[in-house]
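Commentary on secondary and tertiary structure
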Amino acid sequence: MSTAQEWTPPELRPQDELKAMTEYVTEHGYGGESKTYVRGIVTALNWVTGETSISPITRTSLGRPVTGMDVSSEHGRAYEALYATSDPGLWKVTQEEGQDYTLAVEHTLAWATGGDVGLVVPADWPWRQ
């Protein structure tokens, strides 16, 4: 008999790790990526860590600390903003901010919840394991 795995909500990486990535990318950039991509990373991380209250894609304010579920939801909206045009408001973000921005937000939010996809930790990043 097989047992179904119980669903658990996504959890955020530790705040000090998220903030360390923000500081690293702000100071060093992110590989050879564009300034628009770097801006997307920093914007997403600033929202996740509470440095800013407005989410990077839906542009909403929660009025409380961001949770893993919030990040997961915003990640899904970033994916929609890149690949689906069913919501004109989301598509507008990509048009205004640029595809690199939206792609960076999507990658960053996946990484922020511990996903195996998303950002690749730079080789010289202090948190690299």
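Please read these numbers as outputs of a predicted model, since none were measured by experiment. (Residues numbered from 1 in each chain as written. Predicted model: local features only at pLDDT ≥ 70, side-chain atom pairs only at ≥ 80, totals over all residues. Heavy atoms only, no water.)

1. Side note on the overall build of the protein chain
Put simply, the rule reads: Comment: elements are numbered from the N terminus, with helices defined as DSSP H or I runs of at least four residues and strands as E runs of at least two. Only C-alpha atoms enter the radius of gyration; for comparison, a globular chain is expected to reach 2.2 Å times N to the power 0.38, where N is the number of residues. Throughout this description, buried means an accessible area under 20% of the type-specific maximum (1.4 Å probe, protein chains only), exposed means over 50%, and partly exposed covers the range between. Whether two residues touch is decided by their heavy atoms; if any such pair falls within 4.5 Å, the residues are in contact. Think of it this way: Lys and Arg go in the positive column, Asp and Glu in the negative one, and His and the chain ends go nowhere. By convention, the point assigned to a charge is CZ for Arg, NZ for Lys, CD for Glu and CG for Asp.
Secondary structure summary: the protein chain contains five helices and zero strands in total. Secondary structure elements of the protein chain occur, N-terminal to C-terminal, as α-α-α-α-α. Scaling as 2.2 N^0.38, a compact globule of 129 residues should have a C-alpha radius of gyration of about 14 Å, and the protein chain matches this with 15 Å. Burial status across the protein chain gives 37% buried among its 129 residues. Within the protein chain, residue pairs in contact and separated by at least 24 positions form 60% of the contacts whose partners lie at least 6 positions apart. Of note, the protein chain has its 9 positive side-chain charges centred 5 Å away from the centre of its 18 negative side-chain charges.

2. Overview of unusual backbone geometry
Trans is the prevailing form of peptide bonds, just as negative phi is the prevailing case for residues other than glycine. A positive phi angle, close to 55°, is found at arginine 59, a residue other than glycine. Of note, arginine 59 is situated in the loop between helix H2 (35-48) and helix H3 (68-83).

3. Comments concerning the packing of H3 against helix H5 (residues 99-112)
For clarity, the threshold we go by: Axis angles are defined between N-to-C directions and span 0 to 180 degrees, where every axis is a line fitted to C-alpha atoms and, for a helix, only to the segment in contact. An angle below 35 degrees is read as roughly parallel, one above 145 as roughly antiparallel, one from 65 to 115 as roughly perpendicular, and any other as oblique. Each crossing gets its hand from how the near helix is turned against the far one by less than a right angle, where anticlockwise is left-handed and clockwise is right-handed.
At a closest axis distance of 9 Å, the pairing of H3 and H5 adopts a crossing angle of 150°. Here H3 is positioned roughly antiparallel relative to H5, judged by the angle of their axes. The hand of the H3/H5 crossing is left-handed. From H3, Val71, Glu74, His75, Ala78, Tyr79, Ala81, Leu82 and Tyr83 reach across to H5, where they touch Gln99, Thr102, Leu103, Val105, Glu106, Leu109, Ala110 and Ala112.

4. Concerning H3
What counts is decided by this rule: To estimate the expected span of a helix, subtract one from its residue number and multiply by 1.5 Å.
For H3, spanning 16 residues, the distance from its first C-alpha to its last is 22 Å, which sits close to the expected 22 Å at 1.5 Å a residue. The elements touched by buried residues of H3 are H2, helix H4 (88-97) and H5.

5. Considerations on the nonpolar core
Our working rule: Remark: nonpolar core denotes a set of buried residues (Ala, Val, Leu, Ile, Met, Phe, Trp, Tyr, Cys) joined through side-chain atoms within 4.5 Å.
In terms of nonpolar packing, the biggest core is built from 28 residues, with Val25, Ile41 and Ile57 touching the most fellow members. Among the secondary structure elements, those contributing two or more residues to this core are helix H1 (15-28), H2, H3, H4 and H5. Take this core: its biggest share by element is eight residues, from H2. Beyond its immediate chain neighbours, meaning those up to four positions away, isoleucine 57 contacts Glu74, Arg77, Ala78, Ala81, Leu90, Val93, Tyr101, Thr102 and Val105.

6. Focus: the side chain of threonine 22
Going by this rule: Under the rule applied, a polar contact is a pair of N or O atoms within 3.5 Å (in protein, one hydrogen donor and one hydrogen acceptor; residues adjacent in sequence only if both atoms are side-chain atoms).
Within the secondary structure layout, threonine 22 lies in helix H1. Within polar-contact distance, the side chain of threonine 22 engages the backbone oxygen of leucine 18 at 3.0 Å.

7. Digging into the environment of valine 48
Looking at the element boundaries, valine 48 is found in helix H2. Residues valine 48 and threonine 26 lie 22 residues apart in sequence; the distance between their C-alpha atoms is 15 Å. When residues no more than four places from it in sequence are discounted, the contact partners of valine 48 are Leu12, Gln15, Leu18, Val66, Val71, Leu109 and Ala112.

Remember, this is a structural readout, not a statement about activity or role.
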